[in-house]
Amino acid sequence: MSDHKQIPLNRMESGQRGKVIEIQGGQGIVRRLEALGVRTGRNITKVSSMFMRGPVTLQIGNMQIAIGFGMARRIIVELD
Amino acid sequence: MGNPNVGKSVIFSRLTGVRVIASNYPGTTVGYTKGYYKFGDEIAELIDVPGTYTLEPTSEAEEIASEMLKTGDIVINVVDATNLERNLYLTLQLLEKKVPMVVALNMWDDTEHLGIHIDLDKLRELLGVPVVPTVAVTGQGIKELGENIARATSPDNPVRTNDERWVTIGNITSQVQTITHRHHTWLERLGDASVKPLPGIIIAAAILIGAFLLVRLIGESLIGYVFDPLFSNLWAPVMLKLGDLLGGTGFFHNVLVGSTGGNEINFVESFGLLTTGLYVPFAMVLPYILSFYLILGLLEDIGYLPRLAILMDTVMHRLGLHGYAIIPSMLGLGCNVPAILATRILESRRERFIAATLISIAIPCAALQAMVVGLVGQHGIQYVLIVYGTLFVVWIILGIIINRFARGLSPELLIEVPPYRLPPWRTVLQKLWMRSSGFLKEAIPIILGAVLIINVLYFLHVFDAIANFTAPVVTGLLGLPKEAVTAIVIGFLRKDVALGMLAPLALTPGQLVVGSVVLAMFFPCIATFVVLLRELGFVNMLKSAGIMVVSALIVGGLLNLVL
């Protein structure tokens, strides 16, 4: 077990980096996220989140993706 | 075929010469377009399809892409060279389908300043198909791509599982791609700022207010300095001559020139084919179509709209939609027809129903807006603002109500946010040309037809009968003169002409506001109606229409009480 903190994506601070370690959800959600490049093992940087449970924007490689709050909650990230 | 927003439509347009609308956001293309590409003596039919991330579709637009794959003999897979890893997933799926393929590695120019180096020979070897680097917006590599279509191959590929595909992709990218570090550009910093809450809202407000003022400024200037002078200085004398030739009265005189007051022509109120029938589309609506679509095209190509979707997501969830539904809604401010087609980017039928219904009720198209500004605006800007404010409140409240009663859940937002780009003038102007000429081609016959029908019905006194029949509702509930019902009837053909029919009735500003709002909400114009029917199906269309009629009467009645 690593000693790095593991938190859901929505609780990351803007600018923090981490690695996706788990996507809690059914096949459908996992597939849709994977197609956009969000997979376990990928390094991501959180760009921002909107207030009032708005979407989370994150950077993966050269690409930015916006993920609705409910979905972002189910993406578990291990902070660098 | 390829992922969304990689430039498929631009490449298609370059290869075939067929103009298609291209923008900088995923989901611009929601249907397919056919064109022809000639190489040597042979002619190939080329089909532009919507973008998709995988061959397992999640929306109507992606479904169309997967369906079209079955009809193709050769696939041109357009790949975003700056996002090789994600794009290759679809490439592998396509290869597994054993369709001969050639890869266009688009946005090749961007790789350099992003610090990405791709070993083309190695990529060709690993994929086993021709790979051509292209820059679609400038046309670079398009000729080579065309030449390579004939060399498309289908190398032997096993059908992989999901995980195997990602492993294969990892192998490929690690062999062909090297990335060097580089600094953030100012466009990227601006991009990040516009999805952060506070700067984001300030940027959005600045952009939307700026866009509104610019549309108004350009539209007004075109009317004031170009189109209106053309009509009053050049066309009016011709019409007066013609009026004299036709004897000054009678059916034909009224159909062609309309009712003239002595030696002056009121182009708005005369209602002749050659006067109002031309003045409304050219001098009242076209200027605003031009200015609106110029500004919309710039916003689309800069890549701002997906960022607006992120900002609006929380609000849109209250309406049973997610943020991306703001894109069809923005398109609706131009014309409701493409807006309702654009709801195909939404995932569920429930969302499509809500979005399409809200668009046809509460989003006034540019033609109607131009008339509102032109007619209601004469009495003061505050009345125009009441019309817009009312429609906005209706949009929100109706959305909340439908969201409560429509069954099912709306899915979450999940979108790719494209980088900000400087808009390529070629695509901006091409879009502006397509959309404005499209307006002229589709609207003018209907406008002229509507003016003709109005004249004939007046002549036969049919309107009097309708007016007497509906007087209780129109006069009693809405507080309008009973003749205003003719405008509501004609609103089924075109809303701009319909609103124009209110002009000769000498309404008070309050009545004009009621009339404008009721016309906007009551029933879609015929073009929108046909698209709604096709996209929603008969039963849902009926539900949608029911909501329209009921809400228009309630809101019109309430406005009548207040104003």
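Residues numbered from 1 in each chain as written. Chains lettered and ligands numbered in written order. Predicted model: local features only at pLDDT ≥ 70, side-chain atom pairs only at ≥ 80, totals over all residues.

Some words on helix α9 (residues 197–245) of chain B
All names here are of chain B.
Part 1 of the reasoning: Maximal helix bending in α9 amounts to about 45 degrees, located at W235; proline P237 follows within four positions.
Part 2 of the reasoning: Those residues of α9 that fall on the buried side of the exposure criterion are G200, V215, G219, I223, M239 and G243.
Part 3 of the reasoning: Against the buried residues of α9 lie α10 (251–256), α11 (276–302) and α12 (305–318). (Bend = angle between axes of the 7 residues up to and from the residue. Helix = DSSP H or I, 4+ residues; strand = E, 2+ residues; numbered from the N terminus. Buried ≥ 20, exposed ≤ 12 C-beta atoms within 10 Å, placed from the backbone. Contact = placed C-beta atoms within 7 Å.)

A word on the sheet that holds strand β1 (residues 6–8) of chain A
Part 1 of the reasoning: In space, the seven strands of this open sheet follow the order β1(A)-β6(A)-β2(A)-β3(A)-β4(A)-β5(A)-β8(B), with antiparallel pairing throughout. Unpaired on one side and paired on the other, β1 of chain A together with β8 (414–417) of chain B mark the two borders of the sheet. Pairs of neighbouring strands in the sheet enclose a mean axial angle of 40 degrees, with direction left out of account.
Part 2 of the reasoning: In the sheet, strand β4 (residues 56–60) of chain A pairs with strand β5 (residues 63–67) of chain A via five bridges, with the strands oriented antiparallel. Residue Q59 of chain A lies in a different strand from β5 of chain A, and its bridge partner there is Q64 of chain A. (Pairing = 2+ DSSP bridges. Axes fitted to C-alpha atoms, helices over the stretch in contact; angles between N-to-C directions.)

A closer look at the domain arrangement of chain B
All names here are of chain B.
Part 1 of the reasoning: Looking at chain B, the domain boundaries give domain 1 (8–179) and domain 2 (197–562).
Part 2 of the reasoning: Computed from C-alpha coordinates alone, the two centres of domain 1 and domain 2 are separated by 39 Å.
Part 3 of the reasoning: Tallying the contact residues gives 16 residues for domain 1 and 23 residues for domain 2. (Domains from an automatic or database assignment.)

Digging into the interface of chain B and chain A
Part 1 of the reasoning: Counting residues at the interface gives 27 residues for chain B and 25 residues for chain A.
Part 2 of the reasoning: For the side of chain B that touches chain A, the secondary-structure elements that each account for two or more residues are α3 (84–96), α12 and β8 of chain B.

Digging into unusual backbone geometry
Residues and elements named next belong to chain A.
Part 1 of the reasoning: Even without being glycine, M52 reaches a positive phi, approximately 55 degrees.
Part 2 of the reasoning: Examined against the element boundaries, M52 turns out to sit in the loop between β3 (43–49) and β4.
Part 3 of the reasoning: Since 10 C-beta atoms lie within 10 Å of it, M52 is described here as exposed.
Part 4 of the reasoning: Positioned with a positive phi, R53 is a non-glycine residue whose angle comes to about 55 degrees.

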